[in-house]
There are 2 protein chains.
Amino acid sequence: MKTKKDVTIYDLAKQLNYAPSTISRALKDHKSISQKTIIRVKEVAAQMGYRPNSLAASLRNNKSKTIGIMISRISRPFISSLISGIEESARKSGYNVIISQSNDLYKNEIQNAKALYDSRISGLVVSLSMETKKLNHFQQFIDLGIPIVFVDRVPKGLDTYKVLIDNYSAAYKATQHLIEQGCKRIAHFAGAQHVNVYHERKKGYLDALKDNKIPVDKNLIINFETLSFEEGEKATKELFNMSNPPDGIFSANDTAAVAAIMTAKKIGVRVPEDLAIIGFNDDPISSIVDPGLSTVTHPATDMGRISADKILDHMINGYKSNNTDTTILGTHIIVRNSSKRK
Amino acid sequence: MKTKKDVTIYDLAKQLNYAPSTISRALKDHKSISQKTIIRVKEVAAQMGYRPNSLAASLRNNKSKTIGIMISRISRPFISSLISGIEESARKSGYNVIISQSNDLYKNEIQNAKALYDSRISGLVVSLSMETKKLNHFQQFIDLGIPIVFVDRVPKGLDTYKVLIDNYSAAYKATQHLIEQGCKRIAHFAGAQHVNVYHERKKGYLDALKDNKIPVDKNLIINFETLSFEEGEKATKELFNMSNPPDGIFSANDTAAVAAIMTAKKIGVRVPEDLAIIGFNDDPISSIVDPGLSTVTHPATDMGRISADKILDHMINGYKSNNTDTTILGTHIIVRNSSKRK
DNA sequence: TAAATTACCGAAATCGTTTTCGCCGATAAA
DNA sequence: TTTATCGGCGAAAACGATTTCGGTAATTTA
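Residues numbered from 1 in each chain as written. Chains lettered and ligands numbered in written order. Predicted model: local features only at pLDDT ≥ 70, side-chain atom pairs only at ≥ 80, totals over all residues. Heavy atoms only, no water.

Draft legend 1. Representation of the protein's contact with DNA strand C within the structure. Every one of the 27 residues lining DNA strand C counts as a neighbour, but Thr22 and Thr37 of chain A together with Tyr10, Tyr50 and Arg60 of chain B are closest to it. Put simply, 58% of the atoms of DNA strand C that lie within 4 Å of the protein are in sugar or phosphate. One of the side-chain nitrogen or oxygen atoms of Thr37 of chain A is found 2.8 Å away from a phosphate oxygen of DNA strand C. Here a phosphate oxygen of DNA strand C sits 2.8 Å away from a polar atom, N or O, in the main chain of Ile9 of chain B. Looking at the surface near DNA strand C, the elements with two or more residues in it are α2 (20–27) and α4 (54–61) of chain A together with α1 (9–16), α2 (20–27) and α4 (54–61) of chain B. When residues of the surface near DNA strand C are assigned to their parent elements, the largest contribution, four residues, is made by α4 of chain B. (Near = heavy atom within 4 Å. Polar contact = N/O pair within 3.5 Å; in protein donor to acceptor, adjacent residues only side chain to side chain. Helix = DSSP H or I, 4+ residues; strand = E, 2+ residues; numbered from the N terminus.)

See below:
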């Protein structure tokens, strides 16, 4: 098989009787090169089919114009929208995006951090794995001044960029909504509490109850491992085996909430009349399930765009005086039929 | 801010009184280096915190141990699962994965091809944009001997690897299924016919009708632009404004099929009694909608894994005698309540 | 007219690995 | 003993772009 040779700036230099340095400058519109030469160089470059070798440039500059992404699983709606936003914003600025999924395993996350480090990414966007508690594997980036943006699942105590939503007040509003619909006994599908988002959501739930003088019943707070569909089914059945079942559920994600809707229907509990349900994320399934699932928006694509922009800005301006730059995005409740009683 | 300096093989060489070449070889277990030195080098490397600079290696080898991915939109269930499979397989072999989405626009696809080319990817996995008809932008990879794997939406006439399903017979089976359920007038939600998968699915539909001696009614074949939810709603309404509406729908994707289910319910058409529906892809929504949507499996993650493996194998073995290597994966029908009449 | 800019461009080092030769001494074969 | 062979390693040239110093000629200023 015939593999053509790439044409380099040296080939252009020879062809045009210029030094490679001149070619390099001309191609990037360096001001000390005359317009005439710039145009000639670009003409010949196009005509000879010159393509820049970004590896060479990256090596020289020791940064590769790529943004690394570390997430749990690509095939979750929130995550894929997040990536979509990052990619869109990055590519506009000529950056590539390289992704790695941890499958929510700590040891994968460490491996991926190594691999991304070795590729000399110029910035990193991270949504932590469910297992992650230690953060040593991020120190290598910090030491080299590589900007990190934590998104959604963020750690505390690391001076980096952070992009997230106000989980506490979103959860508060969601719970408040159920209360306004007349719910007196509201259950909560809670995620792993060492993960910030689930911790905050539970706090919001608890405070909404307190502020409305509704007693907290520990039996109504179900601790989930992964908030999967199966866990949602199981939890719903168990709740309705109780002598005093709930009349509302606030689930920390949509998957479990949808499971609750479907399970409730199956066991003859009417939604929303007997049981009002609200979820979190606004996944596609929430508008498909019948009745439609009320939920909290999660601006995934925007969060991705903003995360990429943080890194892009950082590349231009360097560290701001204040390294700890946290962006909190707004959310709102979408009321569908799963909670609409009035 | 303090940016530590990277430690290179030169630093190791100095420390150990070896030549850089020896270090390089020792680190990759080159056979002409003694076991003793290999061990010593690795020890010191670990202890000094040496991290390989893959950019330098890539430049030297003119290939970057990364697989490029070109797809329409990440946030489609099929696509995100596909990427997931690619990433999983690639990372196992120490390859990175860099993604670019075209948003189904031809001009983006061309831009992305350029960007990926410039990054010296070692292989490319492509699912074509909906708009793409010309394929010139792939020639640059072929000229350099960079393997391309087309997945799902594949072109004809290019000698590359291809991974897809048998859309024709899957569609045939889906249509046959509706017929077996007693449908006499089966509509088809057809995708853009220049896209192979939609073309094949339509052919399968047509042939199934013919083989069962069911007359083809052109009014029952709806040509969609993008097979979106909105298009699905509109098409369903129109079908039931006809004097002689269908009693079955085979949709070329799940999104439009789910729209059909929900619209049918809204306008008082019973599913599956009055209207049996089957989709394509087995998206998450298909098991959530009520009644559950019968559909055809689409082994997205497997297709991703296989695509990555094609490239990985290619890197080891080079071109096979036969460049045109097409892998066809099996699919099967999932029967849910949207089509179950018996 | 002399001095000082300014406009354009070139030489060469550099980024960190990989790899092609080849060298030297030691062992094995003749 | 002589000739091959081989194990273990080093020197140095790549890979392709960027960038720091300059340098020369043309232009402007004094």
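Draft legend 2. Geometry of the protein's contact with DNA strand D. Neighbouring DNA strand D are 27 residues, the closest being Ile9, Tyr50 and Arg60 of chain A together with Thr22 and Arg25 of chain B. Backbone atoms, meaning sugar and phosphate, form 58% of the atoms of DNA strand D found within 4 Å of the protein. Between DNA strand D and Ser34 of chain B, the relevant distance is 3.1 Å, taken from a phosphate oxygen to a main-chain nitrogen or oxygen of the residue. Of all elements in the fold, only α1 (9–16), α2 and α4 of chain A together with α2 and α4 of chain B reach the threshold of two or more residues within the surface near DNA strand D. If you tally residues by element for the surface near DNA strand D, the top one is α4 of chain A, at four residues.

Draft legend 3. Representation of the interface of chain A and chain B. On the chain B side, the residues contacting the 55 residues of chain A number 54 residues. Between chain A and chain B, roughly 4600 Å² of surface is buried when both sides are summed, and carbon and sulfur atoms account for 54% of that area. When residues of chain A are sorted by the area they lose upon contact with chain B, Arg51, Leu55 and Ile288 of chain A head the list and together hold 16% of the total. Across the contact surface, chain A and chain B share six salt bridges. Where Asp118 of chain A meets Arg51 of chain B, a salt bridge forms, and the shortest distance between an N and an O atom there is 3.0 Å. Counting every contact that joins chain A to chain B gives 28 residue pairs in polar contact (both at pLDDT 80 or more). Counting residues per element, the ones that place at least two in the side of chain A that touches chain B are α4, α5 (77–92), β2 (96–101), α6 (106–118), α7 (139–143) and α11 (254–266) of chain A. For the side of chain A that touches chain B, the leading source of residues is α5 of chain A, giving seven residues. A breakdown of the residues in the side of chain A that touches chain B according to their chemical character gives 23 nonpolar, 18 polar and 14 charged. (Contact = heavy atoms within 4.5 Å. Buried area = accessible area lost by both parts, 1.4 Å probe. Salt bridge = Lys/Arg side-chain N within 4 Å of Asp/Glu carboxyl O. Nonpolar A, V, L, I, M, F, W, Y, C, P; charged D, E, K, R; others polar.)

Draft legend 4. Here's a closer look at the nonpolar core. Of all hydrophobic cores here, the largest spans 86 residues; its most connected members are Ile67, Ile83 and Ile99 of chain A together with Ile67, Ile83 and Ile99 of chain B. Sequence-distant contacts of Ile99 of chain B, defined by excluding residues within four places in its chain, comprise Ile83, Glu87, Arg91, Val97 and Ile99 of chain A together with Ile69, Ile74 and Ile83 of chain B. Ranked by size, the runner-up nonpolar core spans 60 residues in total, among them Leu227 and Ile261 of chain A together with Ala260 and Ile261 of chain B. (Core = buried A, V, L, I, M, F, W, Y, C linked by side-chain atoms within 4.5 Å. Buried < 20%, exposed > 50% of the residue type's maximum accessible area, 1.4 Å probe, protein only.)

Draft legend 5. Just α5 of chain A, in detail. Residue and element names in this part refer to chain A. For α5, spanning 16 residues, the distance from its first C-alpha to its last is 23 Å, which sits close to the expected 22 Å at 1.5 Å a residue. In terms of residue burial, α5 counts as a mostly covered element, since 13 of its 16 residues are buried. Positive phi appears at Gly94, one or two residues downstream of α5, with a value of about 80°. (Expected span 1.5 Å × (residues − 1).)

Draft legend 6. Summary view of the relation of the copies chain A and chain B. For these two chains of identical sequence, chain A goes onto chain B by a turn of 180° and a shift of 0.1 Å along the axis, with RMSD 0.1 Å. What the superposition gives is, in effect, a two-fold axis relating one chain to the other. Minimal C-alpha distance to the rotation axis in chain A is attained by Ile98 of chain A, lying at 2.2 Å. In this assembly the copies share their binding face: 98% of the residues contributing to the interface of chain A also contribute to that of chain B. (Least-squares fit on C-alpha atoms with pLDDT ≥ 70 in both.)

Draft legend 7. A look at the pattern of salt bridges. Tallying each qualifying case throughout the model produces 32 salt bridges over all chains. A salt bridge links Arg305 of chain A to Glu88 of chain A, with the nearest nitrogen and oxygen atoms 2.9 Å apart. Of this pair, Arg305 of chain A sits in helix α12 (residues 300–317) while Glu88 of chain A is found in helix α5, placing the two residues 217 residues apart along the sequence. Note that Glu88 of chain B and Lys92 of chain B form a salt bridge whose closest N and O atoms lie 3.9 Å from each other.

Draft legend 8. A look at the environment of Met262 of chain A. Mapping Met262 of chain A onto the fold places it in helix α11. On the basis of relative accessibility, which here comes to 24%, the residue Met262 of chain A falls in the partly exposed class. Apart from the residues lying within four places of it in its own chain, the contact partners of Met262 of chain A are Phe229 and Val289 of chain A together with Ser287 and Ile288 of chain B.

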